[in-house]
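Fold and contact review
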Amino acid sequence: MAVPVAFFALFFAYPVTAIVGRGLKAEGDWQFGRIGEVLSRPDILDVLWFTTWQALASTALTLLIALPGAYVFARFDFPGKQVLRAVVTVPFVLPTVVVGTAFLALLGRGGLLDELWGVRLDTTVWAILLAHVFFNYAVVVRTVGGLWSQLDPRQEEAARVLGAGRFAAFRRVTLPALAPAVAAAALMVFLFTFTSFGVVQILGGPAYSTLEVEIYRQTAQLLDLPTAAVLTLVQFAAVGGILAVHAATVRRRERALKLVDPAQTSRRPRGAGQWALLGGVLLTALLLILLPLGVLVERSLDGAGGYGFGYYEALQSVGAGGSSTFLVPPLEAVGNSLRYALVATLIALVVGGLAAAALTRRAGRLVRGFDALLMLPLGVSAVTVGFGFLITLDKPPLDLRTSWILVPLAQALVGVPFVVRTMLPVLRAVDDRLREAAAVLGASPLRAWREVDLPLVRRAVLVAAGFAFAVSLGEFGATVFIARPDNPTLPVAVARLLGRSGELNYGQAMALSTILMLVCAVSLLLLERIRTDRSGEF
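Let me sum up the structure you'll find in this document. Nothing here was measured: the structure is a model prediction, and the numbers come from that model.

About the cut-offs
- Residues numbered from 1 in each chain as written.
- Predicted model: local features only at pLDDT ≥ 70, side-chain atom pairs only at ≥ 80, totals over all residues.
- Heavy atoms only, no water.
- Patch = residues over 30% accessible without salt bridge, like charges linked within 9 Å, V, L, I, M, F, W, Y side chains within 5 Å.
- Areas by Shrake-Rupley, 256 points an atom, 1.4 Å probe, with all protein chains shown as cover.
- Salt bridge = Lys/Arg side-chain N within 4 Å of Asp/Glu carboxyl O.
- Lys, Arg positive; Asp, Glu negative; His and termini not counted.
- Charge placed at Lys NZ, Arg CZ, Asp CG, Glu CD.
- Helix = DSSP H or I, 4+ residues; strand = E, 2+ residues; numbered from the N terminus.
- Buried < 20%, exposed > 50% of the residue type's maximum accessible area, 1.4 Å probe, protein only.
- Polar contact = N/O pair within 3.5 Å; in protein donor to acceptor, adjacent residues only side chain to side chain.
- Contact = heavy atoms within 4.5 Å.
- Phe/Tyr/Trp six-rings, centres within 6.5 Å; stacked < 30°, edge-to-face > 60°.
- Axes fitted to C-alpha atoms, helices over the stretch in contact; angles between N-to-C directions.
- Parallel < 35°, antiparallel > 145°, perpendicular 65-115°, else oblique.
- Left-handed = near helix turned anticlockwise from the far one by under 90°.
- Core = buried A, V, L, I, M, F, W, Y, C linked by side-chain atoms within 4.5 Å.
- Nonpolar A, V, L, I, M, F, W, Y, C, P; charged D, E, K, R; others polar.

Take a positive patch on the surface next. Together, Arg160, Arg166, Arg267 and Arg270 make up a region of like positive charge exposed at the surface. Within the secondary structure, Arg166 sits in helix H9 (residues 166–194). Its relative accessible area of 57% is what places Arg166 among the exposed residues.

If you want it as structure tokens, here you go:
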């Protein structure tokens, strides 16, 4: 636990504590009265209310749309199932900047809906809700569908034989078994939408602001650190509560059920109703997932002189079309992002692998508290972390503010939880007797790990590396503060281009978003090829 604890203490707890302390201290004294002052402001109350209700609405809408898909993936066997599973998971690993850009191309000014019917949904709450469903569809399909595929269907069939109707059998037998998984998925969707940043910033406009967006505005634009510090504490408390409930739900799920091989529960659809359900899920995937991504690609190719690669070619030069958005050609952001993401993945694998190994040895409350700590970077404001890096890591011996390593360190904070969640179930499944046998035969602990554990968890390590690479590639909240102007990452470059007017800037943003989407999709497809049925679910 030493290395992971030191990593999180230095690169997470220290920056967050420092920026909160700077906001709540005045002349060396803590000013806790500022908390009440900030939380009583009408504009802040509006932000808190919108953050909460849009997260609840996004969660409910996601469950409504995604649960039929979870059933189809769990119970039906059809051609192209593995490809479709990878396609619906692509949005989850896409950066929020790309998701916002894709929906901007579909719903915004000059978008597909605007051209066909004169309808614009950008700067409305509906654009935000739809983008959140797009982003979190796979969370429900994977979490609920993974468990649903392992439930013994004979229990529901027995209820039908005893006289229960189809709905009654589902309500009394299947639904109680699925409830912990549904609750866990709902809590994760609520967490992601409660802390939404890129989607709200791009699609919501000035009229809508979540806690995360407001923290960014108070920090970067208004330089009001006291208000930002209070909002960070509020978000920290809310996320801590959500994660505590999620941990309890997961433990209940692990204890309550006896599962069967998914191969025993999957079959081809039968009857018109099941085929109609499959068709409805395929149509949902087409309209909700493929259509926004397809429009994104189409807009990246639709130049002033017709379809072509003009916007992609413009990415190779500085100041194309009179733009001075970048100090270097925007295309260099691709190489920067790939290098940063590779380094961040290595850091995340080392830190997350050691943390997972420590958590495998069930050592009571201390280790359970450590497990919760590892999840906090997913919910605590990335904006706070990024700005905290700037004000804390600027003095020897850790004067890293001008160092390239600062970006991978921030990205690794987001990648570590995915590494831990992927490797931990597999490590816990390794029979301790194998390690004990190796020790009896004279193997040192290091050799036992190399000879026993590593061969068994190799695929899980590759899956974890794929997830860590994808989320590092798309990290935006912290990177927007610490990425240097001459070394922008892809999400930062997209945000800069969208922030400037002009058709060329818009087209280049679409082109960069398409490149980023393709890199993430390729990473996920490779991940699908190496995953196992049990370790690949999240």
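There's plenty left to go through after this.
For the structure shown, the criterion picks out five salt bridges. The shortest N-O distance in the salt bridge between Arg299 and Glu115 comes to 3.4 Å. Of this pair, Arg299 sits in helix H13 (residues 271–301) while Glu115 sits in helix H6 (residues 112–117), placing them 184 residues apart in sequence. Accessibility expressed as a relative area gives 8% for Arg299, which makes it buried. Given the relative accessible area of 52%, Glu115 is considered exposed. As a salt-bridge pair, Glu298 and Arg299 come within 2.3 Å of each other at their nearest N and O atoms. Counted as one network, the salt bridges with shared partners bring together Glu115, Glu298 and Arg299.

One non-glycine residue, Leu223, lies in the positive phi region at around 55°. Within the secondary structure, Leu223 is located in the loop between helix H11 (211–221) and helix H12 (225–256).

Note on placement: Glu475 falls in the loop between helix H20 (445–474) and helix H21 (479–482). Among the polar contacts made by the side chain of Glu475, one reaches the side chain of Thr479 at a distance of 2.4 Å. Setting aside chain neighbours within four positions, we find Glu475 in contact with Ala382, Gln411, Val414 and Pro491.

Glancing now at the packing of aromatic side chains. Within this structure, the stated rule accounts for 16 aromatic pairs. Each residue in the set Phe7, Phe8, Phe11, Phe12 and Phe389 is aromatic and connected to the rest through ring pairs, giving one cluster.

Direction vectors running N to C along helix H3 (residues 42–75) and H13 enclose 125°, while the axes themselves pass 10 Å from each other. With respect to their mutual orientation, H3 and H13 come out oblique. Crossing angle aside, the handedness with which H3 passes H13 is left-handed. Here Ile65, Pro68, Gly69, Tyr71 and Val72 of H3 lie close against H13, whose contacting residues are Leu277, Leu278, Val281, Thr284 and Leu288.

A cluster of nonpolar side chains, contributed by Leu283, Leu286, Leu287, Leu290 and Leu291, occupies part of the molecular surface with about 420 Å² of accessible area. Turning to its location among the elements, Leu291 is positioned in helix H13. Owing to a relative accessible area of 31%, Leu291 belongs among the partly exposed residues under this scheme.

The subject of this paragraph is the nonpolar core. Nonpolar side chains tend toward joint burial in soluble globular proteins. Ranked by internal contacts, the top residues of the largest apolar core, which has 163 residues, are Phe7, Leu94 and Phe389. In this view, Phe7 contacts Phe12, Ile347, Val351, Leu409, Ala412 and Leu413; residues no more than four positions away in its chain are not counted.

Most of H11 sits out of view: eight of its 11 residues are buried. Within H11 the residues assigned to the buried category are Leu211, Glu212, Val213, Glu214, Ile215, Tyr216, Gln218 and Thr219. At the exit of H11 stands Leu223, carrying a positive phi of roughly 55°.

A separate point is the packing of helix H5 (residues 96–107) against H13. Remark: H5 packs on H13, axes separated minimally by 8 Å, with the N-to-C direction vectors making an angle of 80°. When the interaxial angle is binned, H5 and H13 end up roughly perpendicular. Here Val98, Thr101, Ala102, Phe103, Ala105 and Leu106 of H5 come into contact with H13, specifically with Leu288, Leu291, Pro292, Val295, Leu296 and Arg299. Looking at the contact of H5 with H13 residue by residue, the class counts come to 10 nonpolar, one polar and one charged.

Within helix H17 (residues 382–392), 10 of the 11 residues are buried, which leaves the element mostly enclosed by the surrounding structure. Within the sequence span of H17, burial applies to Ala382, Val383, Thr384, Val385, Gly386, Phe387, Gly388, Phe389, Ile391 and Thr392.

What follows deals with the environment of Ile289. By secondary structure assignment, the location of Ile289 is in helix H13. Here the alpha-carbon distance between Ile289 and Val88, two residues 201 residues apart in the chain, equals 6.8 Å. Ignoring any residue separated from it by four or fewer positions in sequence, one finds Ile289 in contact with Val87, Val88, Pro91, Phe134, Tyr137 and Thr284.

Our focus in this paragraph is the side chain of Thr514. Relative to the helices and strands, Thr514 is located in helix H23 (residues 503–530). Note on Thr514: relative accessible area 3%, which makes it buried. Sequence-distant contacts of Thr514, that is, excluding residues within four places in its chain, are made with Leu296, Val297, Ser300 and Tyr312.

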